[in-house]
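Breakdown of the fold
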Amino acid sequence: MRIETLSVFPEMFETVMATSILGRAREKGALEYLGHDLRSWTHDRHKTVDDEIYGGGPGQLMKPEPVFEALDDLLEDAPARVIIFTPQGKQFDQSLAKELASAERLIMVCGRYEGFDERVYTLADYLISLGDYVLTGGELAAMVVSDAICRLLPGVLGSELSHTDDSFSEGLLEYPQYTRPAEYRGMEVPEVLLSGNHAAIAEWRRKMSIIKTAKLRPDLLVACGVSTDEVLEMKNTQL
Ligand code: SAM
């Protein structure tokens, strides 16, 4: 897959896109990354990407021409799914990450200032928000989305199965996990995990996923089809 970003701060991506899983994915060839500077598609001496807002109001708005021209050029090479980040978009989640991970090429357009001239949004295949809060720019959103997508690409994580147990992958939160020592400050690792009994471990994990989800994110249970009976049955189990 190829991820491209279009931003007035392309340098923000350099470390993140070269570090840890993202960096390794690029080394392995599972991910190609290209950062574009939106100012390359301006025509004035000051490389202006913003302007005053019609009708008045505080701040500046990102002009349509650089974004339209950039996408004209970039889409000439090959088709791509275009993402524009805005707090008004669909909230990003694991199922959207999975959907985007199947793309050959993604172009992520990052806003600044008061966002984009409304006409720019017509260019988007996806309007994506990270959540109901306002960031100063779309670059961090693009990094978050790239990171979430990248770990779903085949061959990127150490084990092909690593992400299938993650929270949200089956609609539930991940079960509790432990590493050594088996006892720390009076807190013991549940015995079943030391038993070597894989069937019992799998059953315990499923139960704990449901209990943890019921406790921390009850809203998710309905969506993933866990019955009320199943939750009640486990209600008395200690986390
Ligand atoms: N005035 C805009 C509004 O109220 O919808 C907010 C503009 S924000 C200060 C500047 C840019 O940051 C946006 O164009 C977008 O690219 C990015 N941004 C801000 N909050 C975001 C969020 N929650 N999710 C994704 N991108 C966000």
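That block above? That's the structure.
Everything numeric in this text was worked out from a predicted model, so none of it was measured.

Once that is clear, we can look at unusual backbone geometry. A cis geometry characterises the amide bond from Arg180 onward to Pro181, with omega recorded as 5 degrees. Of note in the backbone geometry, Ser20 takes a positive phi value of approximately 55 degrees without being a glycine. Unusually for a residue other than glycine, Arg185 sits at a positive phi of about 50 degrees. With respect to the element layout, Arg185 can be found in the loop between β8 (183–184) and β9 (187–188). Residue classification places Arg185 among the exposed residues on the basis of a relative accessible area of 73%.

Tallied over the entire structure, the rule returns nine salt bridges. With its nearest N and O atoms 2.7 Å apart, the salt bridge here joins Asp117 to Arg119. Linking Asp219 and Arg217 is a salt bridge whose minimum nitrogen-to-oxygen distance equals 2.9 Å. The class for Asp219 is partly exposed, based on a relative accessible area of 48%. The partly exposed category is assigned to Arg217, whose relative accessible area is 31%. Look at the salt bridges and you will find they share partners, linking Arg2, Glu4, Glu32 and Arg105 into a network.

Applying the stated rule across the entire model yields zero disulfides. You can see Cys110 has no disulfide; the closest cysteine sulfur is in Cys150, sitting 17 Å from it. Its relative accessible area of 1% is what places Cys110 among the buried residues. Taking the relative accessible area as the measure of exposure, Cys150 reaches 1% and is therefore buried.

Tallying each qualifying case throughout the model produces two aromatic pairs. Aromatic pair Phe13 and Tyr33: ring centres 6.1 Å apart, planes at 35 degrees, arrangement tilted. Pair noted here: Phe13 is in helix α1 (residues 13–16) and Tyr33 is in strand β2 (residues 32–37), with a separation of 20 residues, a long-range link. Overall, Tyr33 belongs to the buried group, its relative accessible area being 13%.

Once that is clear, we can look at helix α2 (residues 20–28). Buried within α2 we find Leu22, Gly23 and Ala25. One side of α2 carries all its buried residues, which in axial view fall inside an arc of 160 degrees. Where the residues of α2 are buried, they touch α1 and α5 (139–150). A positive backbone phi angle near 85 degrees is found at Gly29, which sits one or two residues after α2.

We now examine the site of the ligand. Taken together, 20 residues surround the ligand, and among them Phe85, Gln88, Leu130, Tyr133 and Leu135 come closest. With respect to the ligand, the backbone of Gly138 contributes an N or O atom lying 3.5 Å from an oxygen atom. Protein chains bury 87% of the 590 Å² of accessible surface belonging to the ligand in isolation. Breaking the shell around the ligand down by element, the ones donating at least two residues are β5 (81–91) and β7 (126–129).

The first and last C-alpha atoms of α5 sit 16 Å apart over twelve residues, in line with the 16 Å expected at 1.5 Å per residue. The buried count for α5 comes to nine of twelve residues, which makes it a mostly enclosed element. Of the surrounding secondary structure, the elements contacted by the buried residues of α5 are β1 (2–7), α1, α2, β5, α4 (94–101) and β6 (105–109).

What counts as what
Residues numbered from 1 in each chain as written. Predicted model: local features only at pLDDT ≥ 70, side-chain atom pairs only at ≥ 80, totals over all residues. Heavy atoms only, no water. Helix = DSSP H or I, 4+ residues; strand = E, 2+ residues; numbered from the N terminus. Buried < 20%, exposed > 50% of the residue type's maximum accessible area, 1.4 Å probe, protein only. Salt bridge = Lys/Arg side-chain N within 4 Å of Asp/Glu carboxyl O. Disulfide = S-S within 2.5 Å. Phe/Tyr/Trp six-rings, centres within 6.5 Å; stacked < 30°, edge-to-face > 60°. Arc of directions from axis to C-beta. Contact = heavy atoms within 4.5 Å. Near = heavy atom within 4 Å. Polar contact = N/O pair within 3.5 Å; in protein donor to acceptor, adjacent residues only side chain to side chain. Areas by Shrake-Rupley, 256 points an atom, 1.4 Å probe, with all protein chains shown as cover. Expected span 1.5 Å × (residues − 1).

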